[in-house]
Amino acid sequence: TPLYSSAASDVYKRQIISSLMAFIIWMSISWENSKKPFYESSVIVNGASAIKDTTYLSYINQMTGQKVNDLSKKRLINALVTHPFVHVARVSNRYPSKLIIDIKERKPFALLNKDPMVILDQNCYVLPDINNLEKYDIPVLSKFNKDNKLYPHGEKSLSIKVQNTISWLSSLHAVSYTHLRAHET
C-alpha cells in the first residue's frame, strides 16, 4: 500500500499546484481588468515634426471612431499609416500607463509648380499642403502634366515623368549627402 499512497499523493499534489496556478492567473487577469478604469494611459508621440502630435491623435480618432487608448496596436498602426505624412509607425506600451507611438514622417522633397502646388516626398508620394513649406529648402519642378488625377494625396504620383525626375533628384541628393559626409571626417 505505500506504493498506492505515493501515487495518490502525487496526483493530489498536481491537482493542488494546477488549482493554485489557475487561481493566480485568474487573479492576475481580474486585477488588470479592475485597474484599467482607474487610469487612462498617457500617449506619447515621438517623431512628429511636420505635423503636431495632437493632429495625429485626432486623425486616429476620426478614422476609427475610437479613442487611441481603446484601440489594439495593430488597429492603431493601420489607422496611422493611412495618414499621408506617416511613412512608418510603431506602437509600444510602457506599463503601467504609457502608450508610445513612434512615427517616421515623410519629408517634403520637391514641389510641383501647378495650381494648387503639389508637394512630393523622396519616394514620390503626394503630401498634403500643411502651410509650413517655408521651413524646407526644396526644388520646384515645372513643365509637368498638371492633371490633378495624377497626384492623389497620400499615394504615389501616377506621372511617370515626375517619378523619374524624383528618382533622379533622390540619387543626386544621396550622392551629395555622401560627398558631404566624406569631407566632414
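Our subject is the structure listed above.
This text gives an overview of the structure that appears in the document. The numbers attached to residues start from 1 for each chain and follow its sequence in the written order. For a predicted model such as this one, the threshold for reporting local features is a pLDDT of at least 70, and the threshold for listing and counting side-chain atom pairs is 80 or more; totals across whole chains, interfaces and linings nevertheless cover every residue. With hydrogens and water set aside, each side-chain value is computed from the structure's full complement of heavy atoms.

Focus: helix H2 (residues 53-64)
At step 1: End to end, H2 covers 17 Å across twelve residues, agreeing with the expected 16 Å (1.5 Å per residue, within 8%).
At step 2: When H2 is considered as a whole, its buried residues turn out to be Tyr-56, Tyr-59, Ile-60 and Thr-64. Burial along H2 is one-sided: seen end-on, the buried residues are contained in an arc of 110°.
At step 3: The contact definition used throughout considers only heavy atoms, calling two residues in contact when any of these lie within 4.5 Å. Working definition: helices are DSSP H or I runs of at least four residues, strands are E runs of at least two. Numbering for both runs from the N terminus. Buried residues along H2 sit in contact with helix H3 (73-80), strand E2 (86-94) and strand E3 (98-105).
At step 4: Taken from the residues just after H2, Gly-65 is the one with a positive phi, measuring 75°. Between the first and last residue of a helix there are one fewer steps than residues, each counted as 1.5 Å, and that sum is the expected span. With a 1.4 Å probe rolled over the protein chains alone, any residue whose accessible area is under 20% of its type maximum counts as buried; one over 50% counts as exposed, and the rest are partly exposed. The arc in question is formed by the directions pointing from the helix axis toward the C-beta atoms.

Some words on the sheet that holds E2
At step 1: Here we have three strands laid out as an open sheet, ordered E1-E3-E2, and mixed in their pairing. The strands lining the two open edges of the sheet, one partner per strand, are strand E1 (42-46) and E2. This sheet shows a mean twist of 20° between the axes of neighbouring strands, independent of strand direction.
At step 2: For two strands to pair, DSSP has to find at least two bridges joining them. Inspection of the sheet shows E2 paired to E3 by eight bridges, in the antiparallel sense. Counterpart to Asn-93 in the pairing with E3 is Leu-99.
At step 3: Axes here refer to lines fitted to C-alpha atoms; in helices the fit is confined to the stretch in contact. Angles between the N-to-C directions go from 0 to 180 degrees. H3 rests against E2 and E3 of the sheet, and its axis sits at about 155° to E2.

Examining the sheet that holds strand E4 (residues 110-112)
At step 1: The strand order E6-E5-E4-E7 describes an open sheet built from four strands, whose pairing is mixed. Both edges of this open sheet fall to strand E6 (126-127) and strand E7 (140-141), since each of them pairs with a single strand only.
At step 2: Judged from the three bridges that link them, E4 and strand E5 (residues 118-120) form a sheet pairing that is antiparallel. Among the inter-strand pairings, Leu-112 is bridged to a residue of E5, identified as Val-118.

Looking at the environment of Thr-165
At step 1: Mapped onto the secondary structure, Thr-165 falls in helix H4 (residues 160-184).
At step 2: Sequence separation of Thr-165 and Cys-124 is 41 residues, and the distance between their C-alpha atoms is 9.2 Å.
At step 3: Apart from residues lying up to four places away in sequence, Thr-165 is in contact with Leu-141 and Phe-144.

Considerations on the packing of H2 against H3
At step 1: Their axes nearest at 9 Å, the elements H2 and H3 cross at an angle of 105°. Considering the angle they form, H2 stands roughly perpendicular to H3. Residues Tyr-56, Tyr-59, Ile-60, Met-63 and Thr-64 of H2 form the contact with H3, whose participating residues are Arg-75, Leu-76, Ala-79 and Leu-80.
At step 2: Put simply, Ala, Val, Leu, Ile, Met, Phe, Trp, Tyr, Cys and Pro go in the nonpolar bin, Asp, Glu, Lys and Arg in the charged bin, and everything else, Gly too, in the polar bin. Here the contact of H2 with H3 is built from residues that sort into seven nonpolar, one polar and one charged. Should an angle fall under 35 degrees it is called roughly parallel, over 145 degrees roughly antiparallel, and 65 to 115 degrees roughly perpendicular, with every other angle called oblique.

Focus on the side chain of Ser-159
At step 1: By the element assignment, Ser-159 lies in the loop between E7 and H4.
At step 2: By relative accessible area, which is 8% here, Ser-159 ends up buried.
At step 3: As used in this structure description, the phrase polar contact means that two N or O atoms lie within 3.5 Å; if the pair is within protein, one of them must be able to donate a hydrogen and the other to accept it, and residues adjacent in sequence are counted only when both atoms belong to side chains. Of note is the side chain of Ser-159, whose polar atom sits 3.3 Å from the backbone nitrogen of Val-162.

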